[in-house]
Amino acid sequence: MMDEAVLEALDAYVECLFAPQDEALEFTLSASRRAGLPDIQVSPAEGRLLQLLALMVGAGRILEIGTLGGYSAIHLARALPDVGTMVSLEASAHHAEVARANIEHAGLSEKVEVRTGDARKLLARMIQDGEEPFDVVFIDADKRGYPEYLELSLTLSHPGTLILADNTFRGGAVVQPADETSRVLHEFNLSLARDPRLDSILIPVVRERVDGLSIARVKNI
Ligand code: SAH
Ligand code: DHB
Ligand code: MG
């Protein structure tokens, strides 16, 4: 469908110029690999884009749904001011433990709290407890949960909140959805595009394959 060699060369060029890796990020990737976590975190360039988006809205409170080893969390948390905070939700106790160590190593454990449990339940509890709204929400957990995570995120948002979601091309499969997960993601894309509460777009991001990042902003009215 696409010349992937060209896309990979462009992504490597962008990474080299705009998203150079440092010790803490490299430590996170190698510690995650050593601990047996799947190699499915955002790419360096996508991580940088997430960070830049958080900087652009002056985010002081960030919510992540799906922590894995903390690679995207570190990018996002680095956009926070000294007083900023981030909450990241992770179903796997093992992933959460690895992420906490990586976040600690990156010097961000004062700012980032990793909460273990099913995101649906954790989000419902946060809403019940009257948690303050977030400035940025990054949805990146189980893909079937995306429609529900969107609704719950909107409840934890304010006008201007950025709602971001990873993997929303599902490697291209949403164009002609042939499995349940792709159908759910296509429905998610449709509702994001049509939701009167949001201004939104879906952009390609390059990894081993091309995938997508959804970017939505909660409207002012
Ligand atoms: N955001 C990470 C990658 C997340 S991968 C990064 O880019 O660095 C998806 C993660 O979501 C996995 O760690 C998986 O365990 C977690 N997950 C899956 N289902 C979940 C659920 N129902 N609630 C919370 N986390 C979940
Ligand atoms: C995969 C990639 C992801 O970014 C993710 O959040 C979950 C799964 C994958 O390639 O399988
Ligand atoms: Mg992802």
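Parameters and conventions
- Residues numbered from 1 in each chain as written.
- Chains lettered and ligands numbered in written order.
- Predicted model: local features only at pLDDT ≥ 70, side-chain atom pairs only at ≥ 80, totals over all residues.
- Heavy atoms only, no water.
- Near = heavy atom within 4 Å.
- Polar contact = N/O pair within 3.5 Å; in protein donor to acceptor, adjacent residues only side chain to side chain.
- Areas by Shrake-Rupley, 256 points an atom, 1.4 Å probe, with all protein chains shown as cover.
- Nonpolar A, V, L, I, M, F, W, Y, C, P; charged D, E, K, R; others polar.
- Patch = residues over 30% accessible without salt bridge, like charges linked within 9 Å, V, L, I, M, F, W, Y side chains within 5 Å.
- Salt bridge = Lys/Arg side-chain N within 4 Å of Asp/Glu carboxyl O.
- Helix = DSSP H or I, 4+ residues; strand = E, 2+ residues; numbered from the N terminus.
- Buried < 20%, exposed > 50% of the residue type's maximum accessible area, 1.4 Å probe, protein only.
- Donors = N, O, S within 2.8 Å, 3.2 Å for Na, K, Ca; no water.
- Core = buried A, V, L, I, M, F, W, Y, C linked by side-chain atoms within 4.5 Å.
- Contact = heavy atoms within 4.5 Å.
- Pairing = 2+ DSSP bridges.

**So, the site of ligand 2**
Phase 1: Taken together, Ile40, Asp140, Lys143, Asp166, Asn167 and Arg207 make up the full set of residues near ligand 2.
Phase 2: Contact between ligand 2 and Ile40: an oxygen atom at 2.9 Å from a main-chain N or O atom of the residue.
Phase 3: In isolation ligand 2 exposes 290 Å². Once the protein is present, 61% of that is buried.
Phase 4: Partitioning the shell around ligand 2 into residue classes produces one nonpolar, one polar and four charged.

**Focus: a nonpolar patch on the surface**
Phase 1: Together, Tyr13, Val14, Leu17 and Phe18 make up a nonpolar patch on the protein surface, roughly 420 Å² of accessible area in all.
Phase 2: Take Val14: it is sitting in helix H1 (residues 4-18).
Phase 3: Val14 gets classed as partly exposed once you look at its relative accessible area, which sits at 34%.

**Some points on the site of ligand 1**
Phase 1: As a structural note, the neighbourhood of ligand 1 is formed by 21 residues, with Gly66, Glu90, His95, Asp118 and Asp140 the closest of them.
Phase 2: In the environment of ligand 1, an oxygen atom lies 2.9 Å from a nitrogen or oxygen atom belonging to the backbone of Val42.
Phase 3: Take Ala91: an N or O atom from its main chain is 3.1 Å from a nitrogen atom of ligand 1.
Phase 4: Elements with a minimum of two residues in the shell around ligand 1: helix H4 (71-77) and helix H6 (119-128).
Phase 5: Along the lines of polarity and charge, the residues of the shell around ligand 1 split into nine nonpolar, six polar and six charged.

**Some details on the coordination of the magnesium ion (ligand 3)**
Put simply, the ideal angle at a metal is 109.5 degrees for four donors in tetrahedral geometry and 90 or 180 degrees for six donors in octahedral geometry.
Phase 1: Here the magnesium ion (ligand 3) is held by Asp140 (OD), Asp166 (OD) and Asn167 (OD1), and the distances to it run 2.0 to 2.1 Å.
Phase 2: Within one chain, the residues serving as donors to the magnesium ion (ligand 3) are arranged as D-x25-D-N. Linking Asp140 in the loop between strand E4 (136-139) and helix H7 (146-155) with Asn167 in the loop between strand E5 (162-166) and helix H8 (180-194), this pair joins segments that are 27 residues apart in sequence.

**Structural notes on the nonpolar core**
When a protein is soluble and globular, its nonpolar side chains tend to lie buried together.
Phase 1: Ranked by internal contacts, the top residues of the largest apolar core, which has 31 residues, are Ile62, Met86, Ile103, Leu164 and Leu213.
Phase 2: Elements represented by at least two residues in this core include exactly helix H2 (23-34), helix H3 (44-56), H4, helix H5 (93-105), strand E3 (112-116), E4, E5 and strand E7 (210-218).
Phase 3: With sequence-adjacent residues up to four places away left out, Ile62 is seen in contact with Ala54, Leu76, Leu80, Thr85, Met86, Val87, Phe134 and Val136.

**Observations regarding the pairing of E5**
Phase 1: Among the five residues in E5, five count as buried, and that is most of the element.
Phase 2: Judged by which residues are buried, E5 turns out to be covered on both faces: Leu162, Leu164 and Asp166 on one side and Ile163 and Ala165 on the other are all buried.
Phase 3: Relative to E5, E4 is paired through four bridges, and the arrangement is parallel. Of the residues in E5, the one forming a bridge with Val136 is Leu162.

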